[in-house]
There are 2 protein chains.
Amino acid sequence: MASERKATADPARSLAILWRTREPTSRSAGPGLSVDRIVRAAIDVADAEGLDALTMRRVGEALGVGTMSVYTYVPGKAELVAVMIDTAYGEMPRPALEGDWRARLERIARDNLALYQRHPWMLRAETTRPVLGPHLLAKYDHELGAVAGLGLTDVEMDAVLTLVLGHVKSSARAASEVVDLERETGMTEGQWWQSHAPWLETFLTPGAYPTASRVGTAAGQQHGAAYGPEYAFEFGLQRVLDGISVVVAERATASQPG
Amino acid sequence: MASERKATADPARSLAILWRTREPTSRSAGPGLSVDRIVRAAIDVADAEGLDALTMRRVGEALGVGTMSVYTYVPGKAELVAVMIDTAYGEMPRPALEGDWRARLERIARDNLALYQRHPWMLRAETTRPVLGPHLLAKYDHELGAVAGLGLTDVEMDAVLTLVLGHVKSSARAASEVVDLERETGMTEGQWWQSHAPWLETFLTPGAYPTASRVGTAAGQQHGAAYGPEYAFEFGLQRVLDGISVVVAERATASQPG
DNA sequence: GGCGGGCGACGTACGCCGTACGCCCACGTT
DNA sequence: AACGTGGGCGTACGGCGTACGTCGCCCGCC
């Protein structure tokens, strides 16, 4: 028999919270806490002040409630974050997918980017585990619709989605880092660079790494103009879609025997 | 005049540490601490026990030294992590790049993946800022060599690299999450899934999300076979390279006027 | 109308973390 | 031989997540 382990993770409990298997008790008095209210408050805090500011004490405070009261509805912070994530997925639009597969995937990429822009804390939330909430499933199902009927295998469909969403997340993370550095230091990207460049040149032996210097400067100037991350997103997205088109074309000809 | 801000970040100090602008004092007695020894100990801890186990106390302990002694050489934990990252970059191989651009980029992708596999903590280290150490620069310069001479603009070269490395990081993160979940829960991916699936089916109304269920199951079985992340990496890498080849081909014809 | 049980809310406390601050003492210098 | 400098460190503070035990209110029952 395996030893007990920490086993903080009780699947039944965690999933029950994600799926809200719980009639709202009508104990009408008191603050009337609930998973929903807690999650909404937590998301508000994280949106406004970042993930570092999201503490259990802060959540209780935001609800006008003691810190430990939150634990009545949520087993711990990890589970709270999980529900926050699933809730955020639930807010996403799921319009009927129009156009060809490329337009559909592009739309999905942009919707996901918008999600991360609205909730940058999602980019830093350590999940270590798929969330398995209702909204994640709905999102997954919806997004699979964009790559259905192209002759891809199930595993390929999943891989295509993973690739596109991975690119979105990478880009969003880069963009988000720029934003919260500016908030933390009170300097713009350009100002930060200008405060570091002279020191860097001091250490760098002149003439070393010419390529890196030239390209870095070029890219850095784009960043200074504050559209670096956006460019990386657009450029990468088109490349990724181009790459996917190769497989799609392969499958299309393969499935149409002459 | 802008108010002072927190300004924990002193560029001169941080960069000086990264570039080791400091003769090793010959105060031969005592433990003989140094930035190098501290960084090496810290990396050992993080490699062996993960980033969560990397505490300043733990680092001191590993060196047989008081916690606060570490602060003599490093202003804080953030800076320590920055030097750790730059040091890890320094360990990477930088072989002469052979073959066509595609082979070169592929090689770079695999080298970076190996780096992340050796030092998974790099995937979780919050930097919020490029490290600007000597080894990052060397790495950047080396990797730019893979996309030089293709007719791309400087900004495009940077974007190509960003795209490829972003994909590597995404894939590595996914793989790493699988690994440390298994460590945390003591279950394999398959076992974890099997302990959750029955509960999930309880909540899910039968017949809902047929596509998601089917594809998820297919992909999940791959994960159970423990090669899901590897597949995602390979599949995505080829797609990304295919996509890049489109731009490369464009530039090649454009730069060869008839 | 009275009452008892259950549960939501919470106060306190513990063991962690990063790190500010100031002391001490061994050394290289004079 | 005396000195002062700086490396090493002990203590302490504020903040975190959260285990645990208690209290008082509301609801269903008699």
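Residues numbered from 1 in each chain as written. Chains lettered and ligands numbered in written order. Predicted model: local features only at pLDDT ≥ 70, side-chain atom pairs only at ≥ 80, totals over all residues.

Asker: Sorry, what's going on with the overall build of chain A here?
Answerer: Within chain A, the secondary structure is distributed over ten helices and zero strands. When the elements of chain A are put in sequence order from the N terminus, they spell out α-α-α-α-α-α-α-α-α-α. Looking at chain A as a whole, 34% of its 258 residues are labelled buried. Partitioning the contacts of chain A with sequence separation of at least 6, the portion at a separation of at least 24 is 73%. (Helix = DSSP H or I, 4+ residues; strand = E, 2+ residues; numbered from the N terminus. Buried ≥ 20, exposed ≤ 12 C-beta atoms within 10 Å, placed from the backbone. Contact = placed C-beta atoms within 7 Å.)

Asker: I tried to follow the relation of the copies chain A and chain B on my own but got confused; where do I start?
Answerer: One copy of the chain maps onto the second through a rotation about an axis and a displacement along it. Least-squares fitting of chain A to chain B yields an RMSD of 0.0 Å, with the superposition described by an axial translation of 0.0 Å and a rotation of 180 degrees. What the rotation and shift describe, once combined, is the action of a two-fold rotation axis. Residues of chain A ranked by C-alpha distance from the rotation axis are headed by Gly243(A), positioned 2.0 Å from it. Here 100% of the contact residues of chain A are again contact residues in chain B; the copies associate through an equivalent surface. (Least-squares fit on C-alpha atoms with pLDDT ≥ 70 in both.)

Asker: Any chance you could explain the interface of chain A and chain B here in plain terms?
Answerer: One frequently used descriptor of interface size is the decrease in accessible area upon assembly of the parts. Contacts between chain A and chain B engage 57 residues on the former and 58 residues on the latter. Mapped by element, the contributors of at least two residues to the side of chain A that touches chain B are helix H1 (11-18), helix H6 (134-144), helix H7 (154-185), helix H8 (189-203), helix H9 (210-224) and helix H10 (228-254) of chain A. Counting residues per element, the side of chain A that touches chain B draws most heavily on H7(A), which supplies 15 residues. Tallied by class, residues from the side of chain A that touches chain B come to 31 nonpolar, 15 polar and eleven charged. (Nonpolar A, V, L, I, M, F, W, Y, C, P; charged D, E, K, R; others polar.)

Asker: Could you clarify how one ought to interpret the packing of H8(A) against helix H1 (residues 11-18) of chain B in this entry?
Answerer: Two quantities define a packed helix pair, namely the angle between the axes and the distance from one axis to the other. Look at H8(A) against H1(B): their axes get within 10 Å of each other, and the N-to-C directions meet at 35 degrees. The chirality of how H8(A) crosses H1(B) is right-handed. Contacts from Ser195(A), His196(A), Trp199(A), Leu200(A) and Phe203(A) of H8(A) reach H1(B) at Pro11(B), Ala12(B) and Leu15(B). (Axes fitted to C-alpha atoms, helices over the stretch in contact; angles between N-to-C directions. Left-handed = near helix turned anticlockwise from the far one by under 90°.)

Asker: What is the right way to read unusual backbone geometry from this model?
Answerer: What you tend to see is this: most non-glycine residues have negative phi, and most peptide bonds are trans. Residue and element names in this part refer to chain A. Despite not being glycine, Arg-20 has its phi angle at roughly 55 degrees, a positive value. For Arg-20, the location among the structural elements is in the loop between H1 and helix H2 (35-49). Judged by the 15 C-beta atoms lying within 10 Å of it, Arg-20 is partly exposed.

Asker: Mind showing me how you'd approach the confidence of the model for chain A here?
Answerer: All names here are of chain A. Summing up the model confidence of chain A, the mean pLDDT is 88 and the portion of residues at 70 or higher is 90%. Per-element confidence in chain A ranges from a low mean pLDDT of 83 for H9 to a high of 98 for helix H5 (residues 101-118). Note on residues 1-7: pLDDT is under 50 here. Beyond four places in sequence and across chains, it has three contacts. (pLDDT = per-residue confidence, 0-100.)

Asker: Explanation requested: the environment of Phe233(A) in the structure shown.
Answerer: Residues and elements named next belong to chain A. Positionally, Phe-233 belongs in helix H10. For Phe-233, a count of 24 C-beta atoms within 10 Å translates into the label buried. Here the alpha-carbon distance between Phe-233 and Asp-180, two residues 53 residues apart in the chain, equals 18 Å.

Asker: What's the story with H1(B) in this structure? I'm lost.
Answerer: An α-helical turn contains 3.6 residues, so any two residues separated by three or four positions project in the same direction. Taken together, the buried positions of H1(B) are occupied by Ser14(B), Leu15(B), Ile17(B) and Leu18(B). The arc enclosing the buried residues of H1(B), seen along the axis, measures out at 160 degrees, which places them on a common side. Looking at the buried residues of H1(B), the elements they touch are H8 of chain A together with helix H2 (35-49), helix H4 (77-91) and helix H6 (134-144) of chain B. (Arc of directions from axis to C-beta.)

Asker: So what exactly am I meant to see when it comes to the nonpolar core here?
Answerer: One broad rule of soluble globular proteins: the nonpolar side chains tend to lie buried together. Counting residues in each nonpolar core, the largest one holds 56 residues, and the members touching the most others are Val160(A), Val164(A), Val160(B) and Val164(B). Excluding residues that lie within four positions of it along the chain, Val160(A) makes contacts with Val147(A), Leu152(A) and Ile244(A). One finds Ala41(B), Val45(B), Ala88(B) and Trp121(B) within the second-largest nonpolar core, a separate group that totals 29 residues. (Core = buried A, V, L, I, M, F, W, Y, C linked by C-beta atoms within 7 Å.)

Asker: Sorry, what's going on with helix H4 (residues 77-91) of chain A here?
Answerer: Between its first and last C-alpha atoms H4(A) spans 21 Å; for 15 residues at 1.5 Å apiece the expected length is 21 Å, and the two agree. Of the surrounding secondary structure, the elements contacted by the buried residues of H4(A) are H1, H2, H5 and H6 of chain A. (Expected span 1.5 Å × (residues − 1).)

Asker: Sorry, what's going on with the packing of H2(A) against H4(A) here?
Answerer: All names here are of chain A. Where H2 contacts H4, the two axes come as close as 9 Å, and the packing angle between them is 85 degrees. Taken together, the axes of H2 and H4 lie roughly perpendicular to each other. On H4, the residues touching Val-35, Val-39, Ala-42, Ile-43 and Ala-46 of H2 are Leu-80, Val-83, Met-84, Thr-87 and Ala-88. Here the residues of the contact of H2 with H4 sort into nine nonpolar, one polar and no charged. (Parallel < 35°, antiparallel > 145°, perpendicular 65-115°, else oblique.)

Asker: Teacher, can you tell me more about the environment of Leu33(A) here?
Answerer: All names here are of chain A. Take Leu-33: it is sitting in the loop between H1 and H2. Each C-alpha atom, one on Leu-33 and one on Leu-63, is 8.3 Å from the other, the two residues being 30 residues apart in sequence. Setting aside residues up to four positions removed in sequence, Leu-33 forms contacts with Ile-38, Leu-63, Val-65, Ser-69, Thr-72 and Tyr-73.

Asker: Is there a simple way to explain the environment of Asp10(A) in this structure?
Answerer: Turning to its location among the elements, Asp10(A) is positioned in the segment before H1. Between the C-alpha atoms of Asp10(A) and Pro75(A), which are 65 residues apart in sequence, the distance is 9.4 Å.

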